[in-house]
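# Summary of the model geometry
So you can see what is in the structure, the chains are spelled out below.
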Amino acid sequence: MSGTHREAAGTNASGFVRRGVTRRGFVAAGVASSLLALPIGRAWAAKAVTLKFATNLPLTHPLNVRVAEAAARIKRETNGEVGVRIFPDNQFGGDSEMLELLRLGGIDIFTPSALVLSALVPEVQINALGFAFSDYGKVWQAMDGDLGDFIRSAVGKAGLHMMETVCDNGFRQCTTASRPIQGPGDFSGLSIRVPLSHISISLFQALSARPRGLQFVDLYPALREGAFEAQENPLSIILSSRFYEVQKYVSLTNHMWDGFFFVFNGKTWSGLPGDIQRIVSSAFNDAAALQRADVATANTRALGDLKRKGMIFNETDPDPFRHALRKAGFYAEWKGRFGGKIWGILEKYTGRLG
Ligand code: X2X
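Residues numbered from 1 in each chain as written. Predicted model: local features only at pLDDT ≥ 70, side-chain atom pairs only at ≥ 80, totals over all residues. Heavy atoms only, no water.

### Examining the side chain of Ser236
Tracing the backbone shows Ser236 in helix 10 (residues 235-240). Accessibility expressed as a relative area gives 10% for Ser236, which makes it buried. Beyond its immediate sequence surroundings of up to four residues, Ser236 is in contact with His61, Asn169, Ala298, Asn299 and Ala302. (Helix = DSSP H or I, 4+ residues; strand = E, 2+ residues; numbered from the N terminus. Buried < 20%, exposed > 50% of the residue type's maximum accessible area, 1.4 Å probe, protein only. Contact = heavy atoms within 4.5 Å.)

Here it is as structure tokens:
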């Protein structure tokens with residue numbers, strides 16, 4: 001994706017940036033907004049601030065729809081002082097580029113999954129442990145409780161600021177071009193794309209597959225060219241990314257719950273006056289809560305849509321997969337990596353894993 005030159009960006013009525021931004025335009029915008037987004041003392045009162053929000057999700061994804069509503073609410077409640085400009089669909093390159101821009105202040109807000117954010121903050125991938133969560137009830141108890149607190153604290157120590165309410169991506173499902181996944185043995189030798197996260201690689205290696213990390217922005221062409229037999233994502237992402245054009249089977253493995261976090265550049269956040277911080281966090285936290293219901297509906301609807309697009313579905317039983325992971329030492333390895341204290345917090349919600 002890097003090096004891609006595209007026509008200059010424009011902004012439509014709802015504040016979305018249409019596809020395309022020249023790298024020259026991007027650099028200029030990056031410099032301008034990083035100055036704008038860092039209000040200093042009186043300069044803050046002198047001019048409106050525009051926060052740059054970037055995401056790897058398509059324009060129509062529920063997360064972007066709810067963020068557009070939050071942007072309008074923030075503009076209204078700050079009397080026009082704070083705007084949020086939305087850059088959907090990997091406008092600034094892939095997740096790695098957006099993560100680096102967030103760290104440096106080239107963008108002010110990014111919504112990485114823990115799988116992406118783990119490149120900067122490895123501890124956050126604890127919510128993505130394979131076959132850990134069995135249902136949404138346990139997920140939200142954990143993420144709105146002390147597991148979410150642990151994750152947010154780790155993000156803060158990395159110099160970033162994370163909103164309290166996390167968004168949903170969904171339970172991840174496996175798709176393949178070649179065969180359904182009925183049990184752990186079906187993963188043997190399977191070349192599968194995973195996000196650039198250690199825990200994803202580790203999970204599928206423990207199941208004897210051949211996982212490789214690839215940025216989401218590059219996934220569709222990689223599947224089309226047969227670089228991978230398989231990938232794994234929630235159903236709404238499989239639908240919106242048109243993976244039904246390049247994959248045949250959907251195996252409902254529910255092998256990992258995945259979310260999206262609203263993460264701010266630390267200096268941007270600390271540069272906002274307290275009353276503005278309260279308005280911004282309230283709007284984004286409410287957007288995240290609304291987005292959860294939207295994504296649950298979207299994932300349910302996507303199942304029917306994908307069947308109508310010709311994909312072949314099968315259900316699976318998680319127990320044989322958990323047993324295979326225990327036997328391979330996967331849970332013991334990650335308990336050692338995360339440490340007993342946070343592992344104990346996780347098992348409060350998942351039940352005993354290792
Ligand atoms: O990269 C992926 O597979 C995605 C879109 O689910 C994430 O952002 C982790």
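Following the structure, the description resumes.
### As for the environment of Ile109
Along the chain, Ile109 falls in strand 3 (residues 109-110). The class of Ile109 is buried, set by a relative accessible area of 0%. For Ile109, the contacting residues outside a window of four places in its chain are Leu51, Lys52, Phe53, Ala54, Leu102, Val263, Phe264 and Phe284.

### Observations concerning the nonpolar core
If you look at the biggest cluster of nonpolar residues, it comprises 61 residues, and the most contacted ones within it are Leu129 and Phe261. Sorting elements by how many residues they give to this core places helix 15 (residues 340-350) first, with five residues. With 47 residues, the next largest nonpolar core counts Ala68, Val82, Met163 and Phe216 among its residues. (Core = buried A, V, L, I, M, F, W, Y, C linked by side-chain atoms within 4.5 Å.)

### Looking at the pattern of salt bridges
All told, the structure shown has 17 salt bridges when counted by the stated rule. The shortest N-O distance in the salt bridge between Glu77 and Arg73 comes to 3.2 Å. On the criterion of helical spacing, the pair formed by Glu77 and Arg73 is a turn pair, its members being four residues apart in helix 3 (residues 62-77). The residue Asp258 makes a salt bridge to Arg172 at a minimum N-O spacing of 2.7 Å. Taken together, the residues Asp258 in strand 9 (residues 249-260) and Arg172 in strand 5 (residues 167-176) connect sequence positions 86 residues apart. Each of the salt bridges in this network shares a partner with another, and the network as a whole consists of Arg66, Glu69 and Asp294. (Salt bridge = Lys/Arg side-chain N within 4 Å of Asp/Glu carboxyl O.)

### Regarding the site of the ligand
In the vicinity of the ligand, the contacting residues are Asn56, Ser113, Asn169, Arg172, Arg193, Pro195, Phe216, Asn233, Asp258 and Phe260. Separating an oxygen atom of the ligand from a side-chain N or O atom of Arg172 is a distance of 2.8 Å. Contacts to the ligand include Asn233, whose side-chain N or O atom sits 2.7 Å from an oxygen atom. For the ligand, the accessible surface in isolation is 270 Å², of which the surrounding protein chains cover 100%. Residues that form the shell around the ligand fall into these classes: three nonpolar, four polar and three charged. (Near = heavy atom within 4 Å. Polar contact = N/O pair within 3.5 Å; in protein donor to acceptor, adjacent residues only side chain to side chain. Areas by Shrake-Rupley, 256 points an atom, 1.4 Å probe, with all protein chains shown as cover. Nonpolar A, V, L, I, M, F, W, Y, C, P; charged D, E, K, R; others polar.)

### Topic: the packing of helix 8 (residues 198-206) against helix 14 (residues 330-338)
Packing of helix 8 against helix 14 leaves a shortest axis separation of 10 Å and a crossing angle of 160°. By the angle between their directions, the pair helix 8 and helix 14 is classed as roughly antiparallel. Relative to helix 14, the crossing made by helix 8 is right-handed. Side by side, helix 8 and helix 14 meet where His198, Ile199, Ser202, Leu203 and Ala206 of the first sit next to Phe330, Glu333, Trp334, Arg337 and Phe338 of the second. Looking at the contact of helix 8 with helix 14 residue by residue, the classes come out as six nonpolar, two polar and two charged. (Axes fitted to C-alpha atoms, helices over the stretch in contact; angles between N-to-C directions. Parallel < 35°, antiparallel > 145°, perpendicular 65-115°, else oblique. Left-handed = near helix turned anticlockwise from the far one by under 90°.)

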